[in-house]
Amino acid sequence: MIDVINLKKDFDNVEVLKGINLTINKGDIVAVIGPSGSGKSTFLRCLNCMEDPTDGQIIFNGVDIADMSVDINVHRRRIGMVFQHFNLFNNKTVIENIMLAPVHVRCQEMKKAKRQRGTDKAALPTKKQIKEEAREQAYSLLKRIGLEDKADVYPSTLSGGQKQRVAIVRALAMNPDVILFDEPTSALDPEMVGEVLDLMRALAEEGMTMIVVTHEMGFAREVANKILFMDDGLICESGEPKEFFANPKTDRAKEFLSKVL
């Protein structure tokens, strides 16, 4: 699904990513771990071009989305993103947050279809129909996580765990091929971490491809099928969780695990 080839990223002449090479297959659950400042979040943000790579390629479903001539928004619709601090819109209700992207994209597609010659405009959905379909889908997603009673409240009234679960189903509303998680539990109180990880486990069991930057070693060990250990802008070691946690091969990985386990 994703091939990362010699990915580099500089900020003000500081080399943050120094040549990342990685293949991610459909259904992979990849846990990206490592010390703070190792480039984990920058790597994740480059994968959906929230940061423009300085060099290298990111081949997503056969298209190099690091190529500046490509319409990145067309491909980014298939890449969900869940942030450390939720990034919900506080001036919109919970259900409006989930509906926002699907409605925007469908309306843009409808406008494009109307401009094309030969399109049967009568067969196109109206904006009202698009909103009704998006609301129905959003409510179904909220019901899945047990928050259907929160549909019409604002994010400020939710707990941290509830906000993150809403952020995850907001990503799901676009039916992505892959979801990127940037430390999804690090801003949560310890008692709220479990409810978010349970939802992520359920997605993993359903076959969702996920790349998760995390400090939750238990989640990485139990749920991921591939571990990436990053340090100083490089992938220093990778492998299956059982082997990585039992027999890390590099001294840096051994040192890291000795401090976090």
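Above: the structure in question.
## Here we look at the packing of aromatic side chains
Part 1 of the argument: In the structure shown here, the tally under the stated rule is three aromatic pairs.
Part 2 of the argument: For the ring pair Phe229 and Phe244, a centre distance of 6.3 Å and an interplane angle of 35° mean the geometry is tilted. With a gap of 15 residues between them, Phe229 in strand E9 (residues 226-231) and Phe244 in helix H8 (residues 241-246) connect regions that are remote in the sequence. Per residue, the accessibility class of Phe229 equals that of Phe244, and both read buried.
Part 3 of the argument: An aromatic cluster of at least three residues, connected via ring pairs, comprises Phe229, Phe244, Phe245 and Phe256.
Part 4 of the argument: The side chain of Lys9 reaches across the aromatic face of Phe11, ending 4.9 Å from its centre.
Part 5 of the argument: The ring of Phe245 carries the charged tip of Arg221 above its face, separated from the ring centre by 4.7 Å.

## Here's the deal with the sheet that holds strand E2 (residues 14-24)
Part 1 of the argument: Spatially, E2-E1-E4-E5 is the arrangement adopted by the four strands of the open sheet, whose pairing is antiparallel. The open sheet is flanked by E2 and strand E5 (63-64), the only strands paired with a single partner.
Part 2 of the argument: Sitting on the sheet, helix H1 (residues 40-47) is in contact with strand E1 (2-11), E2 and strand E4 (55-60), with an inclination near 120° to E1.

## What to know about the environment of Ala246
Part 1 of the argument: Following the sequence through the fold, Ala246 ends up in helix H8.
Part 2 of the argument: With 63 residues separating them in the primary sequence, Ala246 and Glu183 have C-alpha atoms 23 Å apart.

## Details of the nonpolar core
Part 1 of the argument: Residues Ile98, Leu142 and Phe181 are the most contacted members of the largest nonpolar core, which totals 57 residues.
Part 2 of the argument: Among all residues touching Phe181, those that are not within four sequence positions of it are Leu44, Val82, Ile168, Met200, Leu203, Met210, Ile211, Val212 and Val213.
Part 3 of the argument: By size, the runner-up hydrophobic cluster in this structure holds 28 residues, among which are Leu7, Leu17, Ile20 and Ile24.

## What to know about the sheet that holds strand E10 (residues 234-239)
Part 1 of the argument: In space, the six strands of this open sheet follow the order E6-E7-E8-E3-E9-E10, with mixed pairing throughout. In this open sheet, the two strands that pair with only one neighbour each are strand E6 (79-82) and E10. For this sheet, the mean inter-axis angle between neighbouring strands, taken without regard to orientation, is 20°.
Part 2 of the argument: Bridge count for strand E3 (residues 29-33) against E9 is four bridges, and the pairing is parallel.

## A look at the pattern of salt bridges
Pairing between side chains of opposite charge can happen when their charged atoms approach one another.
Part 1 of the argument: For the structure on display, the rule yields 14 salt bridges.
Part 2 of the argument: A salt bridge links Arg165 to Glu195, with the nearest nitrogen and oxygen atoms 2.9 Å apart. Of the two residues, Arg165 is situated in helix H5 (residues 160-172) and Glu195 in helix H6 (residues 190-205); the sequence distance between them amounts to 30 residues.
Part 3 of the argument: Arg165 gets classed as buried once you look at its relative accessible area, which sits at 14%.
Part 4 of the argument: Arg252 is the salt-bridge partner of Glu255, the closest N and O atoms lying 3.5 Å from each other. Of this pair, Glu255 and Arg252 are both found in helix H9 (residues 251-260), three residues apart, which corresponds to roughly one turn of the helix.
Part 5 of the argument: Residue Glu255 is classed as partly exposed on the basis of its relative accessible area, which comes to 37%.

## Points about H6
One turn of an α-helix holds 3.6 residues; hence residues three or four places apart share an orientation.
Part 1 of the argument: Taking 1.5 Å of rise per residue, the 16 residues of H6 would be expected to cover 22 Å, and the 24 Å separating its terminal C-alpha atoms lies within 8% of that figure.
Part 2 of the argument: Taken together, the buried positions of H6 are occupied by Met192, Val193, Val196, Leu197, Leu199, Met200, Leu203 and Ala204. Each buried residue of H6 lies within a common arc of 155° when the element is viewed along its axis, so the set occupies one face. Turned more than 90 degrees away from the buried face of H6, the exposed residues are Glu191 and Glu205.
Part 3 of the argument: Here the buried face of H6 lies against E3, helix H4 (127-144), H5, strand E7 (178-182), strand E8 (209-213) and helix H7 (217-222).
Part 4 of the argument: Of the residues one or two after H6, Gly207 is the one with positive phi, at around 95°.

## Some thoughts on the environment of Ala66
Part 1 of the argument: In this structure, Ala66 sits in the loop between E5 and helix H2 (72-76).
Part 2 of the argument: On the basis of relative accessibility, which here comes to 12%, the residue Ala66 falls in the buried class.
Part 3 of the argument: Along the primary structure Ala66 and Leu47 are separated by 19 residues, whereas in three dimensions their C-alpha atoms are 8.5 Å apart.
Part 4 of the argument: Leave out the neighbours within four places in its chain, and Ala66 touches Cys49, Pro53, Gly56, Gln57 and Ile58.

About the thresholds
- Residues numbered from 1 in each chain as written.
- Predicted model: local features only at pLDDT ≥ 70, side-chain atom pairs only at ≥ 80, totals over all residues.
- Heavy atoms only, no water.
- Phe/Tyr/Trp six-rings, centres within 6.5 Å; stacked < 30°, edge-to-face > 60°.
- Helix = DSSP H or I, 4+ residues; strand = E, 2+ residues; numbered from the N terminus.
- Buried < 20%, exposed > 50% of the residue type's maximum accessible area, 1.4 Å probe, protein only.
- Lys NZ or Arg CZ within 6 Å of the ring centre and 35° of its normal.
- Pairing = 2+ DSSP bridges.
- Contact = heavy atoms within 4.5 Å.
- Axes fitted to C-alpha atoms, helices over the stretch in contact; angles between N-to-C directions.
- Core = buried A, V, L, I, M, F, W, Y, C linked by side-chain atoms within 4.5 Å.
- Salt bridge = Lys/Arg side-chain N within 4 Å of Asp/Glu carboxyl O.
- Expected span 1.5 Å × (residues − 1).
- Arc of directions from axis to C-beta.

Everything listed is a geometric property; what it means functionally is a separate question.
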